[in-house]
Number of protein chains: 2
Amino acid sequence: MATRTRRSQRRTEALSRQRIVEAAVQLLDAAGEGGLTFRALTERLATGPGAIYWHVANKSELLDAAADAVVAAAVALKPAEPPGAPPGEIRAVALGLFDAIDEHPWLATQLAMQLSRSPWGSVTTRIFESIGQRVRALGVPDGNLFTATSALVHYILGAVGQNAANTRVDGLHVDRGEFLDAVSTAWEELDPDDYPFTRAVVDQVREHDDREQFLAGIDFVLTGITALHLPSGQACTPPAA
Amino acid sequence: MATRTRRSQRRTEALSRQRIVEAAVQLLDAAGEGGLTFRALTERLATGPGAIYWHVANKSELLDAAADAVVAAAVALKPAEPPGAPPGEIRAVALGLFDAIDEHPWLATQLAMQLSRSPWGSVTTRIFESIGQRVRALGVPDGNLFTATSALVHYILGAVGQNAANTRVDGLHVDRGEFLDAVSTAWEELDPDDYPFTRAVVDQVREHDDREQFLAGIDFVLTGITALHLPSGQACTPPAA
DNA sequence: ACCTGAACACCGTTCAAGT
DNA sequence: ACCTGAACACCGTTCAAGT
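Residues numbered from 1 in each chain as written. Chains lettered and ligands numbered in written order. Predicted model: local features only at pLDDT ≥ 70, side-chain atom pairs only at ≥ 80, totals over all residues. Heavy atoms only, no water.

Where an unreviewed UniProt entry is consulted, chain A appears under the name TetR/AcrR family transcriptional regulator C-terminal domain-containing protein, with the organism given as Streptantibioticus ferralitis.

Written out as structure tokens, the structure reads:
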């Protein structure tokens, strides 16, 4: 029944793990998380499922590899920019991830799932390393590097996870204005007794700029690290317990 | 073939959405994310799939409801504690979530997926409201409430998402020492040219305390918010761009 | 060593039929 | 209004067989 839109090119190159991962990324980009199935993959690669299983262990590993490929490209800073000061580079790396998720919305869910499933998998470690190098350059003492970097990475992963969906719902790109309207409307219908705060800030959700807000959060964490762990920041005290 | 271990009690109460959600939470607690299937659910509830679909729209909605039930209980502070100062209450709410994920490890993945799939769903909004009320009590000016609260919530969601898996891998509880050993070993085998930072902090991962580190991140964000948005904090300056 | 493709076990979901 | 349960479409994965 299906019109059998045969891929024009028969297989020219041999199958390889890399070719499979590339195809997986393309399918995810085209149709979202639901778009990656072994059947779609076999059709696109003009092969059978057994051939794919020769190169990758299972679907989970394939998703990991797809996410890793995209993240690796994202955290590699464009050499266009000069080295720059550490705080600026941290913002640049974070924005690289932010933009990668804008281009590959499935990456948000995938990052989140990998974070919770295998917390120190290749993707998480890659981001940790990239941020950590710059935190060290900031002058944070050795003993506090792990804590400071973890805090930054956790904030970044939490924030990009949510912001991804600000431009899409269930894999469909939606107008940002419409999306925020829907959120505002939903919030206005919340019980005023249970949700006084949310209702009070309903206007701010419409006006806010995703990138600005994302960077503001980075600055909170950086300021906290500076104040609590850098000699120059000792003037600042944390809020009393 | 299956030994048909009949649930001793035939159905006594009528089916209801709440009873279904409770059963879902129990299945998730017992067998992890893979443990919740409509077949397991029908068996436990002694009914057919159609009966369940009468009360919930689909599996996604059921997972949402299960997560919401657990989170609602977690962010409701025990009234044992006196109201207390805002920063302390923020830490208490955050730790409530932290502990809930310890008890229900599947919640980490579920929170992450909901965050990326429907960023302002009921669970996210519940956490946002709970934290937001306390950020306001902190004295943050109205115009900055949304940004400050979002940053805190993003950090919390990123951090609890990862810390969940520190005690479990693929749904199995594992010894924390063994787990950290495995991470350390894996890190020591990373390429020293590509991962100088990660290799340098490998010892800190073994010594660190999850809760302490989680709270340290909260303090970074709180200190940043205080420094950048509270009149009393103006002495602190953010790191230069 | 690498690939084929039929087959298997399992899943979420539907729906005509009952009460 | 609420429940039953067979059936459907689809999925990840396996494996004996080919080259």
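A. How the structure looks around empty space enclosed by the protein. Per the stated rule, a full pass over the model turns up 4 cavities of 30 Å³ or more. Considering the residues around the largest cavity, the lining is formed by 15 residues, among which Ala112, Leu115 and Leu157 of chain A together with Ala112 and Leu115 of chain B are closest to the centre. Of all the secondary structure elements, the ones that give two or more residues to the lining of the largest cavity are helix 6 (106-117) and helix 8 (145-164) of chain A together with helix 6 (106-117) and helix 8 (145-164) of chain B. Grouping the constituent residues of the lining of the largest cavity by class yields 11 nonpolar, 4 polar and no charged. (1 Å grid on protein atoms, 1.4 Å probe; cavity = no way out; pocket = protein on both sides within 12 Å on 5 of 7 lines; lining within 4 Å. Points joined across faces, edges and corners; volume = space filled by probe spheres on them. Helix = DSSP H or I, 4+ residues; strand = E, 2+ residues; numbered from the N terminus. Nonpolar A, V, L, I, M, F, W, Y, C, P; charged D, E, K, R; others polar.)

B. Inspection of the protein's contact with DNA strand C at higher detail. Close to DNA strand C lie 18 residues; Thr47 and His55 of chain A together with Arg39, Tyr53 and Lys59 of chain B are nearest. The sugar and phosphate moieties of DNA strand C supply 51% of its atoms located within 4 Å of the protein. Between DNA strand C and Gly50 of chain A there is a distance of 3.0 Å, counted from a base oxygen to a backbone nitrogen or oxygen. A distance of 2.7 Å separates a phosphate oxygen of DNA strand C from a polar atom in the side chain of Tyr53 of chain B. For the surface near DNA strand C, the secondary-structure elements that each account for two or more residues are helix 3 (49-55) of chain A together with helix 2 (38-45) and helix 3 (49-55) of chain B. Residue contributions to the surface near DNA strand C peak at 5 residues, all from helix 3 of chain A. The class makeup of the residues in the surface near DNA strand C is 8 nonpolar, 7 polar and 3 charged. (Near = heavy atom within 4 Å. Polar contact = N/O pair within 3.5 Å; in protein donor to acceptor, adjacent residues only side chain to side chain.)

C. Quick look at the protein's contact with DNA strand D. Arg39, Tyr53 and Lys59 of chain A together with Thr47 and His55 of chain B are the nearest of the 18 residues found near DNA strand D. Near the protein, within 4 Å, the atoms of DNA strand D are sugar or phosphate in 53% of cases. Here a phosphate oxygen of DNA strand D and a side-chain polar atom of Tyr53 of chain A are 2.7 Å apart. Between Leu15 of chain B and DNA strand D, the recorded distance is 3.3 Å, taken from a backbone N or O atom to a phosphate oxygen. Looking at the surface near DNA strand D, the elements that each hand over two or more residues are helix 2 (38-45) and helix 3 of chain A together with helix 3 of chain B. Ranked by residue count, the leading element in the surface near DNA strand D is helix 3 of chain B, at 5 residues. Grouping the constituent residues of the surface near DNA strand D by class yields 8 nonpolar, 7 polar and 3 charged.

D. The arrangement of the packing of aromatic side chains in detail. Considering all chains together, one arrives at 18 aromatic pairs over all chains under this definition. For the ring pair Phe38 of chain B and Tyr53 of chain B, a centre distance of 4.8 Å and an interplane angle of 10° mean the geometry is stacked. Taken as a pair, Phe38 of chain B in helix 2 and Tyr53 of chain B in helix 3 lie far apart in primary sequence, 15 residues in all. Overall, the relative accessible area of 14% leaves Phe38 of chain B in the buried class. Measuring from centroid to centroid gives 5.9 Å for Phe128 of chain B and Phe146 of chain B, while their planes differ by 70°, and the two rings are edge-to-face. Of the two residues, Phe128 of chain B sits in helix 7 (residues 122-137) while Phe146 of chain B sits in helix 8, which places them 18 residues apart along the sequence. A single burial state applies to Phe128 of chain B and to Phe146 of chain B, both of which are buried. Among the aromatic side chains, those forming a connected cluster through ring pairs are Trp120, Phe128 and Phe146 of chain A together with Trp187 and Phe197 of chain B. (Phe/Tyr/Trp six-rings, centres within 6.5 Å; stacked < 30°, edge-to-face > 60°. Buried < 20%, exposed > 50% of the residue type's maximum accessible area, 1.4 Å probe, protein only.)

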